[in-house]
Amino acid sequence: MNPILGIDVGASGIKGALVDLEKGKLVGERFRVHTPQPATPAAMATAFAEIIRFFEYSGPVGCGFPSIVRDGVALSAANIEKSWIGTNIEQVFGEACGCPVFATNDADAAGIAEMRYGVGKGENGLVLLITIGTGLGTALFYRGLMIPNTELGHLIWKNNKPAEAWCSSGAREKLKFSRKEWARRFNEYLHHLELLFSPELFILGGGESKYFEQYREIFDIEARVVPAQLLNNAGIIGAAAYAAESLNR
Ligand code: BGC
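Residues numbered from 1 in each chain as written. Predicted model: local features only at pLDDT ≥ 70, side-chain atom pairs only at ≥ 80, totals over all residues. Heavy atoms only, no water.

A word on the domain arrangement of the protein chain
Line of reasoning, step 1. For the protein chain, the domain assignment lists domain 1 (4-108 + 233-247) and domain 2 (123-227).
Line of reasoning, step 2. The C-alpha centroid of domain 2 is placed 23 Å from the C-alpha centroid of domain 1.
Line of reasoning, step 3. Each partner contributes residues to the interface: domain 1 has 10 residues there, and domain 2 has 14 residues.
Line of reasoning, step 4. Here domain 1 packs against domain 2, burying approximately 830 Å² in sum over the two surfaces, 49% of which is carbon and sulfur.
Line of reasoning, step 5. There are 0 salt bridges connecting domain 1 and domain 2. (Domains from an automatic or database assignment. Contact = heavy atoms within 4.5 Å. Buried area = accessible area lost by both parts, 1.4 Å probe. Salt bridge = Lys/Arg side-chain N within 4 Å of Asp/Glu carboxyl O.)

Laid out in structure tokens, this is it:
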């Protein structure tokens with residue numbers, strides 16, 4: 001099987017790489033461009049196409065996108081330009097780069113990668129992956145099957161604000177609290193998710209998962225909590241896997 005290009009679209013950067021889906025590994029280096037500001041569909045499409053040109057790629061492209069995604073259409077825009085709402089991501093990016101594009105939520109993409117190739121491999125119960133970055137993304141799996149677009153970072157948490165305004169990395173930086181204080185807040189959030197879903201395993205991904213060892217003892221929930229194994233590449237690998245799975249559907 002030829003490698004497939006996976007692209008992870010984020011609030012600050014758009015990263016792509018070729019992915020060997022038999023191994024669940026990148027082939028060669030990643031290429032990153034800054035997310036244009038304002039991140040309008042037209043500006044983002046130009047940046048997206050730059051990645052395809054860099055790899056001189058033609059073929060299906062998988063795309064993880066930081067919003068609710070249904071049938072290729074963005075249905076929310078928490079940390080991106082509001083004009084994305086109602087925009088067909090697959091169409092806009094596909095026209096800009098001349099390749100068929102398959103789009104899914106970015107946390108769902110990371111979840112697919114961790115469940116197929118990473119720390120979730122062989123897990124058969126309820127698994128909840130949380131990506132901790134500018135926002136909080138979530139991906140829910142039961143017996144390996146994904147329930148897409150769970151958006152648990154938008155659970156109304158305190159002062160009528162969503163959880164991601166309290167315990168994402170973005171919130172930690174904005175509100176200037178220590179990593180320890182962040183972990184304490186995040187632990188409360190985990191307790192709440194445990195009450196609602198009783199997962200057997202939480203997988204923590206995104207930038208913050210790099211520091212897992214510094215705060216793991218603060219978490220005192222029943223379920224196991226582990227850091228993601230594919231770290232920053234999960235979104236890219238999962239996006240490529242999503243494209244391949246969409247083609248075979
Ligand atoms: C968005 C999610 C996304 C997460 C991580 C949230 O603000 O609503 O769709 O998965 O950020 O990027």
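Once you've had a look at it, read on.
A short note on the sheet that holds strand β2 (residues 13-20)
Line of reasoning, step 1. In spatial order, the strands read β3-β2-β1-β4-β7; together these 5 strands make up an open sheet with mixed pairing. The outermost strands of the open sheet, each flanked by one partner alone, are β3 (25-34) and β7 (101-105). Taking the axes of each pair of neighbouring strands and ignoring which way they run, one obtains an average angle of 20° across the sheet.
Line of reasoning, step 2. Where strand β4 (residues 61-65) meets β7, 5 bridges bridge the pair, whose relative direction is parallel. The residue bridging Gly64 from the neighbouring strand is Thr104, located in β7. (Pairing = 2+ DSSP bridges. Helix = DSSP H or I, 4+ residues; strand = E, 2+ residues; numbered from the N terminus. Axes fitted to C-alpha atoms, helices over the stretch in contact; angles between N-to-C directions.)

Details of the sheet that holds strand β9 (residues 136-142)
Sheet strands line up and pair through hydrogen bonds in the backbone, either parallel or antiparallel.
Line of reasoning, step 1. Taken in spatial order, the 5 strands line up as β10-β9-β8-β13-β14 in an open sheet, and their pairing is mixed. Strands with a single pairing partner mark the edges of an open sheet, and in this sheet they are β10 (145-147) and β14 (224-227). In this sheet, adjacent strand axes meet at a mean angle of 25° when their direction is disregarded.
Line of reasoning, step 2. Two elements, β9 and β10, share 3 bridges in a ladder whose sense is antiparallel. Paired with Phe141 across the two strands is Met146, which belongs to β10.
Line of reasoning, step 3. Each of β8 (126-132), β9, β10 and β13 (201-205) touches helix α3 (residues 106-117); the most contacted strand, β9, lies at about 45° to it.
Line of reasoning, step 4. Sitting on the sheet, helix α6 (residues 179-197) touches β8, β9 and β13, and the angle it makes with β8 is about 150°.

Points about the site of the ligand
Line of reasoning, step 1. The local shell around the ligand consists of Pro66, Ser67, Ile68, Ala78, Asn79, Asn105, Asp106, Leu136, Gly137, Glu151, His154 and Glu164.
Line of reasoning, step 2. Between Asp106 and the ligand, the recorded distance is 2.5 Å, taken from a side-chain N or O atom to an oxygen atom.
Line of reasoning, step 3. In the model, an oxygen atom of the ligand is placed 2.9 Å from a nitrogen or oxygen of the His154 side chain.
Line of reasoning, step 4. Considered on its own, the ligand offers 310 Å² of accessible surface; in the complex 93% of this is hidden by protein.
Line of reasoning, step 5. More than half of the atoms of the ligand fall within 2 Å of the grid points belonging to the largest pocket.
Line of reasoning, step 6. Taken together, the residues of the shell around the ligand break down into 4 nonpolar, 5 polar and 3 charged. (Near = heavy atom within 4 Å. Polar contact = N/O pair within 3.5 Å; in protein donor to acceptor, adjacent residues only side chain to side chain. Areas by Shrake-Rupley, 256 points an atom, 1.4 Å probe, with all protein chains shown as cover. 1 Å grid on protein atoms, 1.4 Å probe; cavity = no way out; pocket = protein on both sides within 12 Å on 5 of 7 lines; lining within 4 Å. Sits in = over half its atoms within 2 Å of the grid points. Nonpolar A, V, L, I, M, F, W, Y, C, P; charged D, E, K, R; others polar.)

Here we look at the nonpolar core
Line of reasoning, step 1. By size, the foremost hydrophobic cluster in this structure holds 56 residues, and its most contacted members are Phe48, Phe65 and Phe93.
Line of reasoning, step 2. Counting residues per element, this core draws most heavily on helix α8 (residues 234-247), at 8 residues.
Line of reasoning, step 3. Contacts of Phe93, omitting those with residues within four sequence positions, involve Val9, Met44, Ala45, Phe48, Cys63, Phe65, Trp84 and Val101.
Line of reasoning, step 4. The next biggest cluster of nonpolar side chains, apart from the first, holds 27 residues, and it includes Leu140, Trp166, Leu190 and Leu193. (Core = buried A, V, L, I, M, F, W, Y, C linked by side-chain atoms within 4.5 Å. Buried < 20%, exposed > 50% of the residue type's maximum accessible area, 1.4 Å probe, protein only.)

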